[in-house]
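Below are the chains, spelled out letter by letter.
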Amino acid sequence: IAYPLIYLKNYLSYFSLQELFIKAQDNVRFYSSSEFGFLFRWQLPFLIAGLLVLLRGKSKIIKKIVLSILFIVPAAVAIAISPNALRALLLTIPFSIIIAIGIQSVFQYAKLWTKASFAIINLFGIYETTLYFHMFTSHYPNTHRVFWGAAQKKMVEEATNYSKEYYAIVINETFLPNEKIHFLFYNDKLKPLFVNSSWQKPLEWNNKRILYIRYPLETPPNAKIKVLKNITLDTPLKEAVAQFLEL
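Quick caveat: nothing in here was measured; it's all calculated off a predicted structure.

Reading the values: the criteria
Residues numbered from 1 in each chain as written. Predicted model: local features only at pLDDT ≥ 70, side-chain atom pairs only at ≥ 80, totals over all residues. Heavy atoms only, no water. Salt bridge = Lys/Arg side-chain N within 4 Å of Asp/Glu carboxyl O. Helix = DSSP H or I, 4+ residues; strand = E, 2+ residues; numbered from the N terminus. Buried < 20%, exposed > 50% of the residue type's maximum accessible area, 1.4 Å probe, protein only. Core = buried A, V, L, I, M, F, W, Y, C linked by side-chain atoms within 4.5 Å. Contact = heavy atoms within 4.5 Å. Pairing = 2+ DSSP bridges. Axes fitted to C-alpha atoms, helices over the stretch in contact; angles between N-to-C directions. Expected span 1.5 Å × (residues − 1). Arc of directions from axis to C-beta. Patch = residues over 30% accessible without salt bridge, like charges linked within 9 Å, V, L, I, M, F, W, Y side chains within 5 Å. Areas by Shrake-Rupley, 256 points an atom, 1.4 Å probe, with all protein chains shown as cover.

Draft legend 1. Focus on the pattern of salt bridges. A complete count under the given rule lists three salt bridges for this structure. Across the pair E158 and K229 runs a salt bridge, and its minimum N-O distance is 3.4 Å. Of this pair, E158 sits in helix α8 (residues 150-162) while K229 sits in strand β4 (residues 226-232), and the two are 71 residues apart along the sequence. Looking at E158, the relative accessible area reads 15%, which means it is buried. K229 gets classed as partly exposed once you look at its relative accessible area, which sits at 30%. A salt bridge links R209 to E246, with the nearest nitrogen and oxygen atoms 3.1 Å apart. Of this pair, R209 sits in the loop between β2 (193-195) and β3 (210-214) while E246 sits in strand β5 (residues 240-246); the two residues are 37 residues apart in sequence, bridging distant segments of the chain. Overall, R209 belongs to the partly exposed group, its relative accessible area being 39%.

What follows is the structure, given as structure tokens:
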């Protein structure tokens, strides 16, 4: 009984006013700020107007296509954790069409006082859109850097700083996957050795200093390794993204 209810809850979450217009809870990689929903607030009256015009319209083909996408997409993605803007990206198609219909109908058929309201909504739209891009360009790159590769960039930079002091750089990619592409991108001159958790230091390296990079873990007090530093990002949560050790 629980699974159908969870599925229904996930499905309906894609039509929640909270998620659509107020403050979405989904991943911030898509919105750039959790202060915004899937859509701008100024689009709400045009969404309502467009939906009414679409439902009353004579073109059955457009109506069927738009409404089919609108209701089928959430049905397909509701089986996973919802709402998720990336999985439901196709919803931009019906929402854009409906909002465009609403804008066109209000401007074409509205009376003078309604056109004045339309102008006010436009001004609010300009303000909200400007605020969004301000958040996107000024605040978001700092507050959510961890989602956009800042962790990998800092790890490569720190490894570069340590590289002259060590015979080799070894990276445990068991919990740090896909790091090869980041080292190639940020510093292709470094040639680290990528290994898994079963790797052991070769006998011929016994007298060599090795920089070992892994996911941050607790080190036993009697371990024959030296923790150099934990690499953290300058964010409010101070996320630890990698651990540098000397072997």
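Draft legend 2. Focus on the nonpolar core. Ranked by internal contacts, the top residues of the largest apolar core, which has 27 residues, are L39, L47, L91 and F95. Of all the elements in the fold, those that place two or more residues in this core are α2 (17-22), α4 (44-56), α5 (60-77), α6 (92-109) and α7 (112-143). Per-element accounting of this core gives the leading share, five residues, to α5. Excluding residues within four positions of it along the chain, L91 makes contact with Y14, I69, L70, V73 and P74. Ranked by size, the runner-up nonpolar core spans 18 residues in total, among them V156, I213, I231 and V241.

Draft legend 3. Region of the structure containing the sheet that holds β5. Read from one edge to the other, the open sheet built from five strands follows the order β2-β1-β3-β5-β4, with strand pairing classed as mixed. Taken across any chain shown, the strands that pair with only one partner, and hence form the sheet edges, are β2 and β4. Ignoring strand direction, the axes of neighbouring strands in this sheet form an average angle of 25 degrees. Both β4 and β5 contribute to a ladder of six bridges, which runs antiparallel. Its bridge partner lying in β5, T232 is registered against A240.

Draft legend 4. Region of the structure containing α6. End to end, α6 covers 25 Å across 18 residues, agreeing with the expected 26 Å (1.5 Å per residue, within 8%). Burial in α6 covers these residues: P94, F95, I98, I99, G102, S105 and V106. Taken down its axis, α6 places every buried residue within 130 degrees of arc, on the same side.

Draft legend 5. A nonpolar patch on the surface, seen in detail. Together, L90, I93 and I97 make up a nonpolar patch on the protein surface, roughly 240 Å² of accessible area in all. Mapped onto the elements of the fold, L90 is located in the loop between α5 and α6. On the accessibility criterion, L90 (51% relative accessible area) is exposed.

Draft legend 6. Structural detail: α4. Between its terminal C-alpha atoms α4 stretches 19 Å, which fits the 18 Å expected from 13 residues at 1.5 Å a residue. Among the residues of α4, those classed as buried are F46, L47, A49, G50 and L54. The buried residues of α4 occupy an angular sector of 170 degrees when the element is viewed end-on, so they sit on one face.

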